[in-house]
Amino acid sequence: MTTVTVDADPTRSPAVVAGVEQVRRLRTAVPGPVSLRLRERRAAAVAAGVGMVLPAFVERAGGAVLVDVDGNSLVDLGAGIAVVNAGHAHPRVVAAVTEQAEAFLHTCFMVTPYEGYVAVAERLGGLVPVDGPTRTVLLSSGAEAVENAVKIARAATGRDAVAVFDHAYHGRTNLTMAMTAKAMPYKRGFGPFAGEVYRAPMSYPFRDPAGLTGEEAAERAVRSLVTQVGAEELACLVIEPIQGEGGFVEPAPGFLPALAAWCRDHGVLLVADEIQTGFARTGDVFALDHEGVRADLVTVAKGLADGMPLAGVVGRAEVMDAVHAGGLGGTYGGNPVACAAALASADVMTEEDLPARAREIEAVLRPALEAAREHAPGIGDVRGRGAMLAVELVRPGTLEPDAAEAARVARTCHEAGVVVLTCGTYGNVIRLLPPLTIDPALLADGTAVLVEALTGRAGSAA
Ligand code: PLZ
């Protein structure tokens, strides 16, 4: 079997993170024979409803490299869907997890508390785009955080209705399915859904009429909500500052500030779902920071704990504390091992200046994607911020989504050992979410593979 090792700078030995060389190396086809056997076992034992992007079974991971069971080293430009922002198995995070696991694994914070949970709440209070004193509840998944944000907003306002947006993704539980826009695969057959959810048009510059400003798009959204339900019925407006699963839709400048102002004027709580955008991903600690917007409540998960399951709602103290004692919680919420990971993650984010790393990634990736347009007329749009970038693929010269082309590009990358994800209401968006600590040579290599997949020609990264 041939071994292909790709190092953009062969004069230099590759960086090593958590014992894993930061190179792409293919020893077999991807997926290889051992993965294919595991895929058969998976099919016979795991529910068919659980999706799979790339059936290469992982044995080890470090930095931005996944090593599979066939010995292939894959470049990870997905970070487990924007989770391992500090990189796979960051030594600080692993050490914190190990130390806590040796001390104790669980008590249930609602039964007998521990300092880690409190420390995470303190830390989050200093990070989130919320004015004044904050309070935090910790949970285990993003969907659970969104559910709790709605509970809190209803309790604090005495109102029922929830505003969400076209293309929104907020989770797979019953309420969050209702809040999520896309039927397939998230909703079809799973209703009836929770009520009192109203959907407004999003600012989507690529698909909006040319010249529609963020303020005008916000007016359009508000008009729709007022027509459907009326401001006085709305407990909260829930929005991803840059939409994730829905297609990395970045609203026009001015959209979020205008919505925030309208919410403030009408007693509607602004809930920023920063589950995918949070923790340095977009080049700021949170995506709302970009325009200086402040929320009443922020939902966090994913990058919060770099791979340990941890989520939370952080919000203005008087809003959070409107809930009666015992009204919030869960057996595992704020698990001590996950809290230890979160504290180490926050240290890494600050000490390694991950927001700056995200901006550096953008400085490499965006020009490469823009340059690819010349040879890939199907690239309708290049968008996103920081290390959350995407290309939207269309039939050349139209707005007609080309999901088949997105699937082809993703498959080509996967076969070459580069993990990329697709997204979008129409399934026609290739999204890039590399670990923020990705080795520059590895990023250059992964970018070159992607550009070649998009254009059909070999090219350099920049
Ligand atoms: N809100 C903005 O991105 C999770 C979902 C993958 P959970 N996104 C990845 C899939 O197909 O299930 C997400 C998100 C935003 C909420 C969630 C939900 O977070 O931790 O998956 O529940």
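Note that the coordinates shown come from a computational prediction; the quantities given were computed from them, not determined experimentally.

A closer look at the packing of aromatic side chains
Working definition: an aromatic ring pair is given by the centre-to-centre distance plus the angle between the planes. On inspection of all chains with the given rule, the structure shows six aromatic pairs. Here F165 and F255 contribute two aromatic rings whose centre-to-centre distance is 6.0 Å and whose plane-to-plane angle is 75 degrees, an arrangement assigned as edge-to-face. Placement of F165 in strand 9 (residues 161-165) and of F255 in helix 8 (residues 255-266) is noted, with a sequence separation of 90 residues between them. In this pair, the class of F165 matches that of F255, namely buried. Summarising the aromatic geometry, the rings of F279 and F286 are spaced 5.1 Å apart at their centres and angled 65 degrees between planes, so their arrangement reads as edge-to-face. Given a relative accessible area of 7%, F279 falls into the buried group. Using a relative accessible area of 0% as the deciding quantity, one classes F286 as buried.

Some details on the pattern of salt bridges
Scanning the model with the defined rule gives 21 salt bridges in all. A salt bridge links D321 to R135; the shortest N-O distance between them is 3.2 Å. Residue D321 is found in the loop between helix 9 (317-320) and helix 10 (336-351), and its partner R135 is found in strand 8 (residues 134-139); the two are separated by 186 residues along the sequence. Given a relative accessible area of 39%, R135 falls into the partly exposed group. Each of R92, R123, D347 and E351 takes part in one network of salt bridges that share partners.

A short note on the side chain of R25
Along the chain, R25 turns up in strand 4 (residues 24-26). A distance of 2.6 Å separates the side chain of R25 from the side chain of E21, its partner in a polar contact.

Some thoughts on the layout of surface pockets
Empty space within the second largest pocket amounts to approximately 350 Å³. With four residues, strand 8 is the single largest residue contributor to the lining of the second largest pocket. Residue composition of the lining of the second largest pocket, by class: nine nonpolar, seven polar and two charged.

Notes on the domain arrangement of the protein chain
Each domain of the protein chain was delimited in the assignment, giving domain 1 (4-76 + 353-455) and domain 2 (93-351). Once you take the C-alpha centre of each, domain 1 and domain 2 turn out to be 27 Å apart. Residue-level contacts link 32 residues of domain 1 with 29 residues of domain 2. Contact between domain 1 and domain 2 buries roughly 2,500 Å² in total, counting both sides, with carbon and sulfur atoms accounting for 55%. On inspection of domain 1 and its partner domain 2, the count reaches three salt bridges. The partner of E392 in a salt bridge is R207, and the shortest N-O contact between them spans 2.6 Å.

A few points about the pairing of strand 14 (residues 311-316)
With five of its six residues buried, strand 14 lies for the most part within the structure. For strand 8 and strand 14, the ladder comprises six bridges, and the chain directions are antiparallel. In the strand pairing of strand 14, V137 is matched with V313. Relative to strand 14, strand 13 (residues 297-300) runs antiparallel, the two being bridged by four bridges.

What about a negative patch on the surface?
Where like charges cluster on the molecular surface, the negative patch consists of D160, E196, E232 and E233. Tracing the backbone shows E233 in the loop between helix 7 (214-228) and strand 11 (234-239).

Cut-offs and rules
- Residues numbered from 1 in each chain as written.
- Predicted model: local features only at pLDDT ≥ 70, side-chain atom pairs only at ≥ 80, totals over all residues.
- Heavy atoms only, no water.
- Phe/Tyr/Trp six-rings, centres within 6.5 Å; stacked < 30°, edge-to-face > 60°.
- Helix = DSSP H or I, 4+ residues; strand = E, 2+ residues; numbered from the N terminus.
- Buried < 20%, exposed > 50% of the residue type's maximum accessible area, 1.4 Å probe, protein only.
- Salt bridge = Lys/Arg side-chain N within 4 Å of Asp/Glu carboxyl O.
- Polar contact = N/O pair within 3.5 Å; in protein donor to acceptor, adjacent residues only side chain to side chain.
- 1 Å grid on protein atoms, 1.4 Å probe; cavity = no way out; pocket = protein on both sides within 12 Å on 5 of 7 lines; lining within 4 Å.
- Points joined across faces, edges and corners; volume = space filled by probe spheres on them.
- Nonpolar A, V, L, I, M, F, W, Y, C, P; charged D, E, K, R; others polar.
- Domains from an automatic or database assignment.
- Contact = heavy atoms within 4.5 Å.
- Buried area = accessible area lost by both parts, 1.4 Å probe.
- Pairing = 2+ DSSP bridges.
- Patch = residues over 30% accessible without salt bridge, like charges linked within 9 Å, V, L, I, M, F, W, Y side chains within 5 Å.
- Areas by Shrake-Rupley, 256 points an atom, 1.4 Å probe, with all protein chains shown as cover.
- Lys, Arg positive; Asp, Glu negative; His and termini not counted.
- Charge placed at Lys NZ, Arg CZ, Asp CG, Glu CD.

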